[in-house]
Amino acid sequence: MKVKKVFGSIAAAAALVAGSAHAAPVTVSGVTWDPDYGADFISVGTVNEKVAVVAGDTIQGYGSITEVNDSSTFCSGCELTYTLSGYTLVNSLTGTLGEAFQFTGGVLNIYVDSTPDYATTTPGSAGDGLLWLSLAGNTSAFASLGYILGETLVGTLTNPSTAGLGAIAGEGSGYMDVVGGIAAAYFDTDGQIGDSDLLFTSTFAPRRTPIVGADGTVYTHSGGISVSGDSTTVPEPGALALLGLGLAGLGLARRNKKQV
């Protein structure tokens with residue numbers, strides 16, 4: 001009878017842990033999303049960036065997340081901003097329509113800030129607060145598709161500009177791995193191709209007026225980004241404690257049975 005009760009406790013704990021998956025919205029440091037949403041997690045935002053046009057150049061950018069799962073009220077009393085760096089251009093661009101480009105590397109750091117102060121024309125207003133999610137470019141996804149140079153992001157030019165590469169526009173996408181941040185446990189799922197965690201997409205077009213950062217970086221382009229993928233349930237401490245208690249009880253019941 002004691003063993004049956006212990007198994008009952010374990011089953012109840014397991015049901016509690018499993019039942020929390022996709023059962024209710026999740027909030028991590030003020031950021032809320034509903035895993036029952038069709039795409040689970042999809043965030044969109046704006047981007048300002050210094051583009052790369054010569055092989056070896058790197059992208060530098062920043063921006064804010066404006067919606068999560070089609071909601072603009074995902075962060076009550078806070079904001080999500082991000083910085084983008086480290087994407088290195090593989091092939092120099094000529095500026096022709098439909099020209100392909102490839103990047104290696106790449107880091108996207110997303111921050112949650114409880115004192116919202118982001119301003120589009122102030123690069124330093126992005127990237128403050130707590131590191132919410134840190135992402136790095138994944139090479140396995142494109143390797144599985146036949147790329148051989150360690151590509152992490154690929155795309156095409158959507159606006160030809162052979163006369164002046166500063167006027168190019170384009171769109172690209174790549175896969176990313178979770179490498180840190182307070183929300184890391186929720187998104188380290190290996191749910192995308194190549195065992196990557198999230199899909200990153202971006203568009204860019206020339207700004208009418210470039211933005212000059214305090215460090216002298218000139219952000220000539222702006223556009224939009226999206227970070228999307230599956231999230232996973234992280235059991236609440238109470239559920240884990242109940243499961244641990246049930247397992248401990250099972251061990252005790254087995255010892256008592258051996259002593260009889």
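Only a predicted model underlies this, so the values are computations on that prediction, with no experimental measurement involved. (Residues numbered from 1 in each chain as written. Predicted model: local features only at pLDDT ≥ 70, side-chain atom pairs only at ≥ 80, totals over all residues. Heavy atoms only, no water.)

All right, on to the nonpolar core then. Trp-33, Leu-108, Trp-132, Leu-133, Phe-187 and Phe-200 are the most contacted members of the largest nonpolar core, which has 43 residues in total. Ignoring sequence-local partners within four residues, the contact set of Leu-133 consists of Leu-108, Asn-109, Ile-110, Val-178, Gly-180, Gly-181, Ala-183, Ala-184, Phe-187 and Leu-198. With five residues, the next largest nonpolar core counts Tyr-62, Tyr-118, Ala-126 and Tyr-219 among its residues. (Core = buried A, V, L, I, M, F, W, Y, C linked by side-chain atoms within 4.5 Å. Buried < 20%, exposed > 50% of the residue type's maximum accessible area, 1.4 Å probe, protein only. Contact = heavy atoms within 4.5 Å.)

Before going further, it helps to spend a moment on the confidence of the model for the protein chain. In this model, the protein chain carries an average pLDDT of 86, and 81% of its residues clear a pLDDT of 70 or more. Scored below 50 in pLDDT, residues 238-250 shows 16 contacts in the model against residues more than four places distant or in partner chains. (pLDDT = per-residue confidence, 0-100.)

Where nonpolar side chains cluster on the molecular surface, the patch consists of Leu-145, Tyr-147 and Ile-193 and spans about 270 Å² of accessible area. For Leu-145, a relative accessible area of 54% corresponds to the exposed category. (Patch = residues over 30% accessible without salt bridge, like charges linked within 9 Å, V, L, I, M, F, W, Y side chains within 5 Å. Areas by Shrake-Rupley, 256 points an atom, 1.4 Å probe, with all protein chains shown as cover. Salt bridge = Lys/Arg side-chain N within 4 Å of Asp/Glu carboxyl O.)

Attention now moves to the state of the cysteines. Counted according to the given criterion, the structure contains one disulfide. Disulfide pairing places Cys-75 opposite Cys-78 at an S-S distance of 1.8 Å. Its S-S torsion of approximately -120° makes the covalent link between Cys-75 and Cys-78 left-handed. Residue Cys-78 is classed as buried on the basis of its relative accessible area, which comes to 14%. (Disulfide = S-S within 2.5 Å.)

Let's shift gears to unusual backbone geometry. Even without being glycine, Asn-69 reaches a positive phi, approximately 50°. Among the secondary structure elements, Asn-69 is positioned in the loop between strand E4 (58-68) and strand E5 (79-89). Residue Asn-69 is classed as buried on the basis of its relative accessible area, which comes to 10%. A positive phi angle is found at Asp-195, which is not glycine, with a value near 60°. With respect to the helices and strands, Asp-195 occurs in the loop between helix H3 (184-187) and strand E10 (198-212). (Helix = DSSP H or I, 4+ residues; strand = E, 2+ residues; numbered from the N terminus.)

Once that is clear, we can look at the packing of aromatic side chains. Following the criterion strictly, the structure yields 15 aromatic pairs and no others. Here the aromatic cluster, defined as three or more aromatic residues joined through ring pairs, consists of Trp-33, Phe-41, Trp-132, Tyr-186 and Phe-187. (Phe/Tyr/Trp six-rings, centres within 6.5 Å; stacked < 30°, edge-to-face > 60°.)

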